[in-house]
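These are the residues of each chain, in order.
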Amino acid sequence: MRSMLSFRRLGRTCLYNNKRHISALYITGDKANENYVTLQPYLDFAGTFRDRAALEQSIASRGLDIQLETVLGKYQKYRTHHEQLQRLDKERDSISKQLKSLTKSGAAAEELETLRERGKALRNDVKALKQQLYPIEDEFIHDFLQLPNGLHSQYLVHFMDNNRYYLLEQAAHFDVNAMQALARYFVSHGDFIQTSNPDFVRCVLLEANATPLADYHLVKEEHLQNKLNAAYLTGGGAFESFLGAMTKLCVYPSVLPLRYVACGRSYNREEGKPYGNSAAGSLYTATQTNAVQSFVATLTAEEADTQMDHVLNLAIDFYKALDVPFQVTYSPAHKLTPSEMLRASIEVYAPSLKRYIPVGRISNYGNFVSKRILFSSRREKHYDFLHLVGGPVLYTTRLIGALIELGVDLENCQLLGKSSAQQLTQQEKDLQEFKDLFK
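This structure is a prediction, so every number in the text was calculated from the model and none was measured.

### Here's the deal with the overall build of the protein
And then number 1: Summing up its helical and strand segments, the protein has 13 helices and 15 strands in all.
And then number 2: Every one of the 439 residues in the protein was classed for burial, and the buried ones make up 42%.
And then number 3: Split by element, the accessible area of the protein, about 25,200 Å² in all, is 51% carbon and sulfur.

Written out as structure tokens, the structure reads:
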């Protein structure tokens, strides 16, 4: 019993000690006797908090889970105590000078004693106030040291929230170049056909793919004939944007497998939620991004497995060329959507989150979706519903966020499928000449 009580006391002591954050870089006075002060940093409070908007942007752009209001509140408390301590020190210094002056001039003993008593009282007040200040100082300095540096004026991203962000300079070029390069690589090395898909998809197709309607924005239509079949903003880079063209379509076996790839926007509101821990959001949690969407239709399940490996290998080639830490993981059953049989996620390491985050994925849907949209192939006198493979092999926004964190030069990084100067079409040459006018 005594042992249990001692453990409880120890637990309470540990909990109490853990409440106070202690920094190794900045050691307060009460810890100076126990710990060697290796370095005394210059803490520029005024400079750090001078431009609050810029600081908030830096925190949000990096996706850091820091509440600036809380830090400023701790700073105000720290400054109030510190200013009070300075006033007491100034008064003690004044009394000390008066004592020296009056002692030399032969002042009355009673007057000198009064000043000495006042000096002792101030000394005790200073000591007590310092003891109050140390934990306040520790807690504030711990948070202050977590604040990031400001962003360069030519920084690549101006992030406002999950629905609004602006890619600048190299990031804006990479956003388009990476998407086009990967699509071109699929066409040239994977025998894919590039398509352009609609940005809006009817409810019937979302239900056919078992997509939760909350994933996308509902379009408010003035003259909607069928209220049960409303339109949703998915973006042309969404898997569902392929389904309209395949609905009630019957193809000959000789044209299979069908391989399509499309570039476009993706407006899925739910996909980024698990990949950020800041209320302000980041590029990892943004609700819109450019994407490269793949779509493959095969006759049999075995062919679908082969095509999934084919798509995955093409994507792996692309990410290998970027020379960044990435991995391919297969999702457990509880993370699959109702229409998926199998999902392979391509994940790149995000330093700020200290984890790998998906920047693309490929799924095997079997013939689940084809049965719902009547997408089939005719063999002799019977019809076979086709097996579908596909998914967004690239989300540019998340990839840009990871590459910036990893220190990759977006302008000079290697993109498989990127056109060389000799391969430029006349249209691309004209566009390049136009861009050169503004250099």
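### Considerations on the nonpolar core
And then number 1: Membership of the largest hydrophobic core comes to 52 residues, with the highest contact counts inside it found for Phe 174, Tyr 319 and Leu 399.
And then number 2: A total of 11 residues in this core trace back to one element, the largest contributor, which is helix H10 (residues 301-322).
And then number 3: Counting 28 residues, the second-largest nonpolar core is a separate cluster that includes Phe 49, Ile 59, Leu 99 and Phe 140.

### Here's the deal with the environment of Thr 287
And then number 1: With respect to the helices and strands, Thr 287 occurs in the loop between strand E8 (258-266) and strand E9 (289-298).
And then number 2: Remark: the alpha-carbon pair of Thr 287 and Asn 163, spanning 124 residues in sequence, is separated by 5.8 Å.
And then number 3: Not counting residues up to four positions away in its chain, the partners in contact with Thr 287 are Asn 162, Asn 163, Ser 266, Tyr 267, Asn 268 and Arg 269.

### A word on the sheet that holds strand E14 (residues 382-385)
And then number 1: The mixed open sheet is built from three strands, whose spatial order is E7-E13-E14. The strands lining the two open edges of the sheet, one partner per strand, are strand E7 (250-251) and E14.
And then number 2: Here E7 pairs with strand E13 (residues 376-379) via two bridges, running parallel. Considered in E13, the bridge of Cys 250 is made with Ser 376.

### Regarding the side chain of Asp 384
And then number 1: For Asp 384, the location among the structural elements is in strand E14.
And then number 2: Residue Asp 384 is classed as buried on the basis of its relative accessible area, which comes to 16%.
And then number 3: For Asp 384, the side chain forms a polar contact with the side chain of Arg 379, separated by 2.5 Å.
And then number 4: Residues within four places of Asp 384 in sequence aside, it is in contact with Leu 299, Phe 375, Ser 376, Ser 377 and Arg 379.

### Quick word on the sheet that holds strand E5 (residues 217-218)
And then number 1: A sheet is described by the order of its strands in space; here three strands give the open sequence E4-E6-E5, paired in antiparallel fashion. Bordering the open sheet on either side are strand E4 (200-202) and E5, each of which pairs with just one other strand.
And then number 2: Bridge analysis of E5 against strand E6 (residues 231-233) gives two bridges, and the strand direction is antiparallel. Across the sheet, the residue bridging to His 217 is Leu 233, located in E6.

### Regarding the packing of helix H4 (residues 52-62) against helix H5 (residues 68-105)
And then number 1: Where H4 contacts H5, the axes come no closer than 11 Å and their chain directions differ by 130°. Between H4 and H5, the angle is such that the two are oblique. Mapping the contact onto sequence places Arg 52, Leu 55, Glu 56 and Ile 59 in H4 and Leu 68, Glu 69 and Leu 72 in H5.
And then number 2: Tallied by class, the residues present in the contact of H4 with H5 amount to four nonpolar, no polar and three charged.

### Focus on helix H6 (residues 109-144)
Because the α-helix completes a turn every 3.6 residues, residues three or four places apart line up on one side.
And then number 1: For H6, with 36 residues, the first-to-last C-alpha span of 49 Å sits near the 52 Å given by 1.5 Å per residue.
And then number 2: Along H6, the helix axis deviates most sharply at Leu 133, where the bend reaches about 30°; the proline Pro 135 sits within four residues downstream.

### Re the packing of aromatic side chains
And then number 1: Overall, the coordinates contain 18 aromatic pairs when judged by the stated rule.
And then number 2: Taking 6.2 Å as the distance between ring centres and 15° as the angle between the ring planes, the aromatic pair formed by Phe 159 and Tyr 165 counts as stacked. A single burial state applies to Phe 159 and to Tyr 165, both of which are buried.
And then number 3: Here a set of aromatic residues connected by ring pairs shows up, and it is made of Phe 45, Phe 49, Tyr 75, Tyr 78, Phe 140 and Phe 144.

### Concerning the pairing of strand E15 (residues 387-395)
And then number 1: Of all nine residues in E15, nine are buried, a share of seventy percent or more.
And then number 2: Two strands pair when backbone bridges link them, and E9 and E15 are joined in this way by eight bridges, in the antiparallel orientation. By the bridge assignment for E15, Val 292 is matched with Leu 394.
And then number 3: Here three bridges tie strand E12 (residues 355-366) to E15, and the two strands are oriented antiparallel to one another. In the sheet register, Asn 364 faces E15, and the bridge partner there is Val 389.

Rules behind the numbers
Residue numbering note: each chain is counted from 1, following its sequence as written. In keeping with the predicted nature of the model, local features appear solely for residues at pLDDT of at least 70, side-chain atom pairs appear and are counted solely at 80 or more, and the whole-chain, interface and lining totals rest on all residues. Processing note: side-chain calculations cover all non-hydrogen atoms of the structure and skip hydrogens and water entirely. Secondary structure counts use DSSP, requiring at least four H or I residues in a row for a helix and at least two E residues in a row for a strand, with both numbered from the N terminus. Relative accessibility under 20% of the residue-type maximum defines a buried residue, over 50% an exposed one, and the middle range a partly exposed one, all with a 1.4 Å probe and only protein chains included. Surface exposure here means Shrake-Rupley accessible area, sampled with a 1.4 Å probe, where a residue is shielded only by the protein chains that are shown. Buried Ala, Val, Leu, Ile, Met, Phe, Trp, Tyr and Cys residues form a nonpolar core when they are joined through side-chain atoms within 4.5 Å. Should any heavy atoms of two residues lie within 4.5 Å, those residues are considered in contact. The rule for pairing is simple: two strands pair if DSSP sees at least two bridges between them. As used in this structure description, the phrase polar contact means that two N or O atoms lie within 3.5 Å; if the pair is within protein, one of them must be able to donate a hydrogen and the other to accept it, and residues adjacent in sequence are counted only when both atoms belong to side chains. Convention adopted: a line fitted to C-alpha atoms gives each axis, helices being fitted over their contacting stretch, and angles between N-to-C directions are expressed from 0 to 180 degrees. For classification, angles of less than 35 degrees are called roughly parallel, those exceeding 145 degrees roughly antiparallel, those between 65 and 115 degrees roughly perpendicular, and all remaining angles oblique. Residues are grouped as follows: nonpolar covers Ala, Val, Leu, Ile, Met, Phe, Trp, Tyr, Cys and Pro; charged covers Asp, Glu, Lys and Arg; every other residue, Gly included, is treated as polar. Each helix should span, by expectation, one fewer than its residue count multiplied by 1.5 Å. Note that the bend at a residue is defined as the angle between axes fitted to the seven residues ending at it and the seven residues starting at it. Two rings belonging to Phe, Tyr or Trp (six-membered ring only in the last case) form a pair when the distance between their centres is within 6.5 Å. Interplanar angles under 30 degrees mark stacking, angles over 60 mark edge-to-face geometry, and anything in between is tilted.

Nothing here speaks to function; it is all geometry.
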